[in-house]
Amino acid sequence: GMHLSMFSSIAVYFGNKIGNKKLTYIFRITVIIIFVWFAGFSSSLLRAFICSFLAILAIISGTEEPDKLMILCFAFLLQCIISPADIWNLGFILSYGALAGILLMNKSFFKILSKLFPGYLSASLASSTSAQLFTIPVSFNNFGFFTPVGIIATTVISPLITLFIYSGLILIILSLIFPILMTSSGIFMNLQYTVIKFLVTFFSQFPKWSIN
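The structure presented is a predicted model; accordingly, all values stated were derived computationally and were not measured.

Engineer: Any chance you could break down the overall build of the chain for me, citing the residues and the numbers?
Structural biologist: Helix and strand content of the chain: eight helices and two strands. Going from the N terminus to the C terminus, the chain shows its helices and strands as α-α-α-α-α-α-β-α-α-β. Counting only C-alpha atoms, the chain reaches 55 × 45 × 40 Å along its principal axes. In the chain, which comprises 212 residues, the proportion classed as buried is 34%. Put simply, of all contacts in the chain between residues at least 6 apart along the chain, 63% involve residues at least 24 apart. By element, 73% of the accessible surface of the chain is carried by carbon and sulfur atoms, the whole surface being about 13,400 Å². A distance of 11 Å separates the average location of the 11 positive side-chain charges in the chain from that of its 4 negative side-chain charges.

In structure tokens form, the structure reads like this:
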């Protein structure tokens, strides 16, 4: 989903440069279709694709601010029809659960947390808390435990993953144009990966809430 959002945003950026809204939508749809075809239809990626596609169609139809929760609900029903086997897939359940939590609870948590933390940090914590809250039952049912520190871990690690993805894309393009950059690009990407892996391992050591 994060990768799809990234490529969709890039498509919007270059589409806006063209200055033609219809071409922007066509370009955006084409890009996400190509990406999903290339990456493969995992349950969570299919969810992201359907949601993105429905949101684009809603905007094309003249809806200035599409109802994201309604789009998510319709995407859920549509995915159940397209791929019924996904209903039992853990990625499918967590993906929809986390997004539903964000759409339903994010604003409430943000109002509380914005009084305690700066803008970006409170927004990130609000999203993380909302997503974690709605997936707690799934974690207990499938793993037998829940890790509260995941709320903080997501806030810390998510920006690093976003940087990893965007820098990777940029460095791939630069390395193709300037092959001399391949070695240094590889070192930089490995460094980012090492930092992310270290943080994930670090947070995984924190106590868990168990149902046993």
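Now that the structure is up, let's keep going.
Engineer: Tell me about the environment of Ile26, and name the residues and values.
Structural biologist: Mapped onto the fold, Ile26 is located in helix H2 (residues 21–39). Between the C-alpha atoms of Ile26 and Ile56, which are 30 residues apart in sequence, the distance is 9.6 Å.

Engineer: So, the confidence of the model for the chain: which residues are in play, and what are the values?
Structural biologist: Model confidence for the chain is summarised by a mean pLDDT of 85, while 92% of its residues fall at 70 or above. The spread of mean pLDDT over the elements of the chain runs between helix H1 (residues 2–18), the lowest at 69, and helix H8 (residues 182–204), the highest at 93.

Engineer: I'd like a description of the side chain of Asp86, backed by residues and values.
Structural biologist: Looking at the secondary structure, you find Asp86 in the loop between helix H4 (68–82) and helix H5 (90–113). For the buried Asp86, which has no salt bridge, the nearest side chain bearing the opposite charge is Arg47, at an N-O separation of 10 Å. Look past the residues within four positions of Asp86 in its chain and what remains in contact with it is Ser43, Leu46, Gln79 and Phe92.

Engineer: Residue-level account of H5, with values.
Structural biologist: For H5, with 24 residues, the first-to-last C-alpha span of 30 Å runs short of the 34 Å given by 1.5 Å per residue. Along H5, the helix axis deviates most sharply at Met105, where the bend reaches about 55 degrees. What H5 keeps buried is the set Phe92, Ser95, Tyr96, Gly97, Ala98, Ala100, Gly101, Phe109 and Leu113. Looking at the buried side of H5, the elements it contacts are helix H3 (43–60), H4 and helix H6 (119–143). The distance from a side-chain oxygen at the start of H5 to the backbone nitrogen of Gly91 is 2.8 Å, and the residue carrying that oxygen is Asn89.

Engineer: Residue-level account of the packing of H4 against H5, with values.
Structural biologist: Packing of H4 against H5 brings their axes to within 10 Å, and their N-to-C directions diverge by 165 degrees. Our classification of the angle between H4 and H5 gives roughly antiparallel. Judged by the twist between their axes, the crossing of H4 over H5 is left-handed. Residues Lys68, Leu69, Leu72, Ala75, Phe76, Gln79 and Cys80 of H4 lie in contact with H5, whose contacting residues are Phe92, Tyr96, Leu99, Ala100, Leu103 and Leu104. In terms of residue class, the contact of H4 with H5 is made up of 11 nonpolar, one polar and one charged.

Engineer: Give a description of the side chain of Thr155 that names residues and reports values.
Structural biologist: Here Thr155 is to be found in helix H7 (residues 150–177). Engagement of the side chain of Thr155 in a polar contact is seen with the backbone oxygen of Ile151, the distance being 3.1 Å.

Engineer: Account for the packing of H5 against H6, with residues named and values stated.
Structural biologist: Relative orientation of the contacting elements H5 and H6 amounts to 140 degrees, with a least axis distance of 7 Å. As summarised for this structure, H5 and H6 are arranged oblique, according to the angle between their axes. Viewed along their axes, H5 and H6 form a crossing whose handedness is right-handed.

Engineer: Break down the nonpolar core for me, citing the residues and quoting the values.
Structural biologist: Residues Leu4, Val36, Phe49, Ile50 and Ala75 are the most contacted members of the largest nonpolar core, which totals 21 residues. Listed by contribution, the elements that provide at least two residues to this core are H2, H3, H4 and H5. Of all the elements, H3 adds the most residues to this core, at eight residues. Residues within four places of Ala75 in sequence aside, it is in contact with Ile50, Cys51, Leu54 and Tyr96. If you look at the next biggest cluster of nonpolar residues, it comprises six residues, including Val149, Ala153, Ile157 and Leu199.

Engineer: Please set out the environment of Thr155 residue by residue, giving values where relevant.
Structural biologist: A residue is classified by how much of its surface remains accessible, and Thr155, at 8% relative accessible area, is buried. Between the C-alpha atom of Thr155 and that of Leu121, which follows or precedes it by 34 residues, the distance is 7.6 Å.

Criteria and thresholds
Residues numbered from 1 in each chain as written. Predicted model: local features only at pLDDT ≥ 70, side-chain atom pairs only at ≥ 80, totals over all residues. Heavy atoms only, no water. Helix = DSSP H or I, 4+ residues; strand = E, 2+ residues; numbered from the N terminus. Buried < 20%, exposed > 50% of the residue type's maximum accessible area, 1.4 Å probe, protein only. Contact = heavy atoms within 4.5 Å. Areas by Shrake-Rupley, 256 points an atom, 1.4 Å probe, with all protein chains shown as cover. Lys, Arg positive; Asp, Glu negative; His and termini not counted. Charge placed at Lys NZ, Arg CZ, Asp CG, Glu CD. pLDDT = per-residue confidence, 0-100. Salt bridge = Lys/Arg side-chain N within 4 Å of Asp/Glu carboxyl O. Expected span 1.5 Å × (residues − 1). Bend = angle between axes of the 7 residues up to and from the residue. Polar contact = N/O pair within 3.5 Å; in protein donor to acceptor, adjacent residues only side chain to side chain. Axes fitted to C-alpha atoms, helices over the stretch in contact; angles between N-to-C directions. Parallel < 35°, antiparallel > 145°, perpendicular 65-115°, else oblique. Left-handed = near helix turned anticlockwise from the far one by under 90°. Nonpolar A, V, L, I, M, F, W, Y, C, P; charged D, E, K, R; others polar. Core = buried A, V, L, I, M, F, W, Y, C linked by side-chain atoms within 4.5 Å.

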